[in-house]
Amino acid sequence: MMRLETVAVIGGGAWGTALAQAAAMAGRSVALVVRTNRQAEAINATHMNEAALPGQVLSGRIVAMSQLAQADIIVLAVPAQSTRTLLNDLDPALLAGKPVVLSAKGLETGTLARQSEILRDMAPEALGFVLSGPSFAVDVAAGRPTAVTLAGDDASETSALALALAGPSFRPYAADDRIGVEIAGALKNVYALACGAVEGANLGASARAALIARGYAEMARMVTAMGGSAHTLTGLAGLGDLALTCTSVQSRNYQFGMALGAGRQTAEVLASGAKLAEGVATAPVAAALAKSLNVDAPLIDAVDAVVAGTSDIASIVAGLMSRPLKREI
């Protein structure tokens with residue numbers, strides 16, 4: 001059996017801080033690895049990470065530091081496009097034989113790689129697990145009820161890890177379809193951009209509901225084409241996360257999509273100081289992946305066009321509404 005008493009969370013943003021809080025509430029001793037000594041000192045002095053989660057008091061089990069030390073469990077909580085750079089800077093020996101939980105939701109620009117594939121490239125002796133599901137950082141950190149999916153290759157190891165990270169309000173459910181969980185986590189951000197754009201263009205709740213349903217079907221085509229199971233999408237990492245991210249203004253991707261739907265360009269939204277939306281980077285990667293797999297993905301292609309500024313939401317909707325009618329199932 002693996003020893004699962006200490007946790008190191010790499011990434012001092014809102015999500016990393018929230019996962020550190022969840023691990024602490026599960027009874028683990030937690031190291032929150034942040035960028036600078038000054039940031040670590042401020043968190044340790046106040047038991048708060050004001051820059052990431054203002055007003056949220058952190059557990060006394062959390063100690064912030066600027067360098068990764070030995071830990072039984074490693075959690076990566078950096079943006080998807082930063083995962084390879086982070087792993088390149090880490091000593092692979094610190095990850096060898098250890099469960100490494102990947103919590104970013106996105107596909108890598110250029111390589112089209114999933115997060116677990118990046119980990120395998122950079123730290124082949126690490127034990128990769130994927131965490132995904134309907135969860136906002138502010139809810140997790142505050143101890144509000146949250147259920148997520150934790151996927152790994154070995155059923156007993158995944159169940160043991162899920163148990164070690166489970167607390168009174170944070171419930172990871174073990175699964176074995178890493179591909180399905182990763183693809184669902186990445187694509188739901190793309191569909192959230194689309195749903196936000198529908199909201200921003202004032203096209204109505206009916207249009208948004210239809211988009212979610214068709215996005216779910218498109219997601220299933222992508223997952224099965226990559227060797228995952230469509231059944232995975234009936235769970236937390238699929239339907240659960242899709243429903244949350246595609247309907248809530250708390251979602252960064254939904255907010256970003258609203259701006260696009262209102263007629264703003266991607267560069268303009270970014271220049272205004274909008275928070276990172278993983279779907280913006282994932283949309284062109286997902287479009288390229290769908291093309292390489294010969295998967296019909298009109299919604300992904302549409303979001304890619306809007307993000308790139310080569311089309312607008314009105315033209316996209318007109319195109320989608322004029323597609324030939326066919327049997328739904």
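First, a word on what this report is: a plain description of the structure on this page. (Residues numbered from 1 in each chain as written. Predicted model: local features only at pLDDT ≥ 70, side-chain atom pairs only at ≥ 80, totals over all residues. Heavy atoms only, no water.)

Here's the deal with the side chain of Asp177
Where we set the bar: The secondary structure listing takes helices from DSSP runs of H or I that are at least 4 residues long and strands from runs of E that are at least 2 residues long, numbered from the N terminus. Three labels apply to residues, based on accessible area from a 1.4 Å probe with only protein chains included: buried if under 20% of the type maximum, exposed if over 50%, partly exposed otherwise in between. As used throughout, the charge tally considers Lys and Arg to be positive and Asp and Glu to be negative, leaving His and the chain termini uncounted. Salt bridge, as used here: a side-chain nitrogen of Lys or Arg that lies within 4 Å of a carboxyl oxygen of Asp or Glu. Side-chain atoms alone can form a polar contact between residues adjacent in sequence; in general such a contact is a pair of N or O atoms within 3.5 Å, and within protein one must be able to donate a hydrogen while the other accepts it. The contact criterion used throughout is that any non-hydrogen atoms of two residues lie within 4.5 Å.
One can find Asp177 in the loop between β8 (170-175) and α7 (178-200). Buried and unpaired, Asp177 has no salt bridge, with Arg114 as the nearest side chain of opposite charge at 8.0 Å. Among the polar contacts made by the side chain of Asp177, one reaches the side chain of Thr232 at a distance of 2.5 Å. Ignoring anything within four residues of it in the chain, the contact list for Asp177 reads Ala151, Gly228, Ser229 and Thr232.

Section: the sheet that holds strand β3 (residues 62-65)
As a reminder of what qualifies: For two strands to be treated as a pair, DSSP must find no fewer than two bridges joining them. Every angle, taken between N-to-C directions, lies between 0 and 180 degrees, and every axis is a line fitted to C-alpha atoms, over only the stretch in contact when it is a helix.
Read across the open sheet, the eight strands follow the order β3-β2-β1-β4-β5-β6-β7-β8; overall the sheet is mixed. Only two strands of the sheet have a single neighbouring strand rather than two, namely β3 and β8. Here the strands of the sheet are splayed against their neighbours by 25° on average, with no regard to which way each runs. Pairing geometry for strand β4 (residues 73-76) and strand β5 (residues 99-102), over three bridges, is parallel. Pairing of Ile74 across the sheet is with Val100, part of β5. Along the sheet, helix α1 (residues 14-25) makes contact with β1 (6-10), β2 (29-33), β3, β4, β6 (127-132) and β8, crossing β2 at roughly 170°. Docked against the sheet, α7 engages β6 and β7 (146-151), running at close to 45° with respect to β6.

A closer look at the pairing of β7
Worth spelling out the cut-off: By convention, a crossover is right-handed whenever its connection, traced from the first strand over the helix to the second and viewed with the strands pointing away, goes clockwise.
The element β7 is extensively covered by neighbouring structure, given that five of its six residues are classed as buried. In terms of strand pairing, β6 meets β7 through three bridges, oriented antiparallel. Paired with Val130 across the two strands is Ala151, which belongs to β7. With six bridges joining them, β7 and β8 adopt parallel strand pairing. In the strand pairing of β8, Val148 is matched with Pro172. Taken together, β7, helix α6 (residues 155-165) and β8 form a β-α-β motif whose crossover is right-handed.

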